[in-house]
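Tertiary structure, described
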Amino acid sequence: MKKSLSLLFVFIVVVQLGFAQHELVRSTPSKLGFDEDFIKQKVDSIMQMGIDSLAFPGAQLLIAKNDTVIFHKAYGYHTYDEIQAVALDDLYDLASVTKITGPLPALMKLVDEGKIDLDKPFSTYWKPWRKRKDKKDLTLREILAHQAGLIPYVVFLNEVMKKNGKVKKRFVHELPSNRYQAQVYDGIYINRRFERKMNRIIDRSEVSEEKKYLYSGLTFLIFPSLIEQLTGTDYQTYLNENFYKPLGCEALGFLPSLKNFDNAIVPTEVDSLFRKTLVKGWVHDENASLKGGVSGNAGLFGTADDLAKLMLLYQNFGNVNGQQLISAETVREFTEVQFPENENRRGLGFDKPYFGNAELPLIDAYPSPLASPESFGHSGFTGTFVWADPVKKITYIFLSNRVYPSREHQKLYSLNIRTALMDVFYRAEK
């Protein structure tokens, strides 16, 4: 009996320690050598300018130095009516940040396990491409570096909408059934066969013979199916078990409206075309929505804390609390520039700084001119941005809903807000 109690005590301690490791360490900027007054003045000013200029109704910023969060602050409101203030645990639609936080860690792990070779034709793993003359020899390295000549985007919404603006009933229903299981929004369900149609259109899409940098999100729509095929595990389950749970990413995932989170969900755009309402709690990206909200190009929702944990995993080359979730060698390979000879700055899935970034003025740089060439990250259409600098040990998370109430709001870009905020912290370090 005493032995059983002792074992139970050890188990409880281990579990408690495990949970404690999931918590982010927090401190103040000054304790890690930053000019705190400079940061407060500059960041508050830039954020207020963004709100006043209608770049976004609200936003939040999280900065970590080493593995310690030194700044996390919310600004503004969910919408311009100023009813609900932004909170630090709000859930945001991450848009294309999904690409490096959803399918990419899974692909990295599959490379580690030898189940994928970056330099073999992608058709080795994705059979429909074996019969496509212009695709059968494209490698995953070329695809992930946006060097394969694939077209940027397909507007799949055109396949479900009539010219008069009404939906095609053979693809979309108001109620779920055996054939219409994937939920797109409240009262919108997509035919389960529509994903096959999407895949066929991708398979038949044009490929340019000129191999140069051209951003394309097409294959990210099919990566979830590829991951399920190679792992024998559901895409969401695979991500949760191998990455999100070990990291303690409590709310990072798809379809938050179907989960009982206490976190408020920040709305995105008023959709006048398809959903005919304010999009909130369901993915903004139309292509991801037509996949039932679970995709590789978009669809993830998360908090700033969730994203910090995942980006710190990358910054620490796959290691968290002594556990190697992805090999350091693989993380280094994915975060390196792949085709510099073609003036392509991209890593494998990751975005990278402009070439010659350090010599550029802030207004022309991407991101801050002080970010190291080894740094990497990704942006999202809805107004999200994540970046990690493994040399200077700075992790940067910016979350906003700049598409509210319309994607016509472009001031986030023209005012260079995200990179200006990053630059403050590089300059504030003593």
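Residues numbered from 1 in each chain as written. Predicted model: local features only at pLDDT ≥ 70, side-chain atom pairs only at ≥ 80, totals over all residues. Heavy atoms only, no water.

1. Structural notes on the environment of tyrosine 244
Note the threshold: Think of it this way: any DSSP run of H or I at least four residues long counts as a helix, any run of E at least two long counts as a strand, and we number them from the N terminus. In what follows, residue pairs with any heavy atoms lying within 4.5 Å of each other are defined as contacts.
Mapped onto the fold, tyrosine 244 is located in helix H9 (residues 235-247). Filtering out sequence-adjacent residues up to four positions away, tyrosine 244 remains in contact with Thr101, Gly102, Leu239, Cys249, Leu252, Leu300 and Leu310.

2. As for the packing of helix H4 (residues 103-112) against H9
Test applied: Axis lines are fitted to C-alpha atoms, over the contacting stretch for helices. Their N-to-C directions set the angle, which ranges from 0 to 180 degrees. Roughly parallel covers angles under 35 degrees, roughly antiparallel covers those over 145, roughly perpendicular covers 65 to 115, and oblique covers all other angles. Basically, the charged four are Asp, Glu, Lys and Arg, the nonpolar ten are Ala, Val, Leu, Ile, Met, Phe, Trp, Tyr, Cys and Pro, and anything else, Gly included, counts as polar.
Remark: H4 packs on H9, axes separated minimally by 10 Å, with the N-to-C direction vectors making an angle of 75°. Between H4 and H9, the interaxial angle falls into the category roughly perpendicular. In this structure, H4 contributes Pro103, Pro105, Ala106, Lys109 and Leu110 to the contact, and H9 contributes Tyr235, Tyr238, Leu239, Asn242 and Phe243. Of the residues that constitute the contact of H4 with H9, the class distribution is eight nonpolar, one polar and one charged.

3. What about the packing of aromatic side chains?
Where we set the bar: Pairing of aromatic rings covers Phe, Tyr and Trp, the last counted by its six-membered ring, and requires centre-to-centre distances within 6.5 Å; plane angles under 30 degrees mean stacked, over 60 mean edge-to-face, and any other angle means tilted. Between buried and exposed lies partly exposed: a residue is buried under 20% and exposed over 50% of the maximum accessible area for its type, with that area taken using a 1.4 Å probe on protein chains only.
Under the defined criterion, the tally for this structure stands at 16 aromatic pairs. A ring pair is formed by phenylalanine 122 and tryptophan 129, whose centres lie 5.1 Å apart and whose planes are at 70°; its orientation type is edge-to-face. With a relative accessible area of 0%, phenylalanine 122 lands in the buried category. We classify tryptophan 129 as buried; its relative accessible area is 0%. Taking 6.0 Å as the distance between ring centres and 80° as the angle between the ring planes, the aromatic pair formed by tyrosine 366 and phenylalanine 385 counts as edge-to-face. Residue tyrosine 366 is found in the loop between helix H12 (328-334) and strand S13 (376-380), and its partner phenylalanine 385 is found in strand S14 (residues 384-389); the two are separated by 19 residues along the sequence.

4. Some remarks on the nonpolar core
The line we're drawing: The set of buried Ala, Val, Leu, Ile, Met, Phe, Trp, Tyr and Cys residues whose side-chain atoms join them within 4.5 Å is what this entry labels a nonpolar core.
Membership of the largest hydrophobic core comes to 89 residues, with the highest contact counts inside it found for Leu144 and Val160. At eight residues, the largest contribution of residues to this core is made by helix H11 (residues 304-315). Apart from residues no more than four positions distant in its own chain, leucine 144 is found in contact with Leu104, Leu107, Leu118, Phe220, Phe223, Phe334, Gly347, Leu348 and Gly349. Of all hydrophobic cores here, the second largest spans 30 residues; its members include Phe34, Ile51, Ile394 and Tyr396.

5. Describing a positive patch on the surface
Heads up, the condition is: Note that patches include only residues with greater than 30% relative accessible area and no salt bridge, and the join distances are 9 Å for like charges and 5 Å for nonpolar side chains (Val, Leu, Ile, Met, Phe, Trp, Tyr). Per-residue accessibility takes into account occlusion by the displayed protein chains alone, with areas from the Shrake-Rupley method and a 1.4 Å probe. One side-chain nitrogen of Lys or Arg within 4 Å of one carboxyl oxygen of Asp or Glu is enough to make a salt bridge. A residue counts as positive if it is Lys or Arg and as negative if it is Asp or Glu; His and the chain ends are not included. Note that the charge is assigned to NZ on lysines, CZ on arginines, CG on aspartates and CD on glutamates.
Where like charges cluster on the molecular surface, the positive patch consists of Arg179, Arg192, Arg193, Arg196, Arg200 and Arg204. Assignment of secondary structure puts arginine 179 in the loop between strand S5 (172-173) and strand S6 (182-185). Residue classification places arginine 179 among the partly exposed residues on the basis of a relative accessible area of 49%.

6. Details of the sheet that holds strand S2 (residues 58-65)
Hydrogen bonds between backbone atoms are what pair the strands of a sheet, whose relative direction is either parallel or antiparallel. Convention followed: Here, any two strands with at least 2 DSSP bridges between them count as paired.
Strand order in this open sheet of six strands is S1-S3-S2-S15-S14-S13, and the pairing throughout is mixed. Each edge of the open sheet carries a strand with a single partner, namely strand S1 (25-26) and S13. Here seven bridges tie S2 to strand S15 (residues 394-400), and the two strands are oriented antiparallel to one another. Paired with glutamine 60 across the two strands is leucine 399, which belongs to S15.

Purely geometric numbers; function is a separate question.
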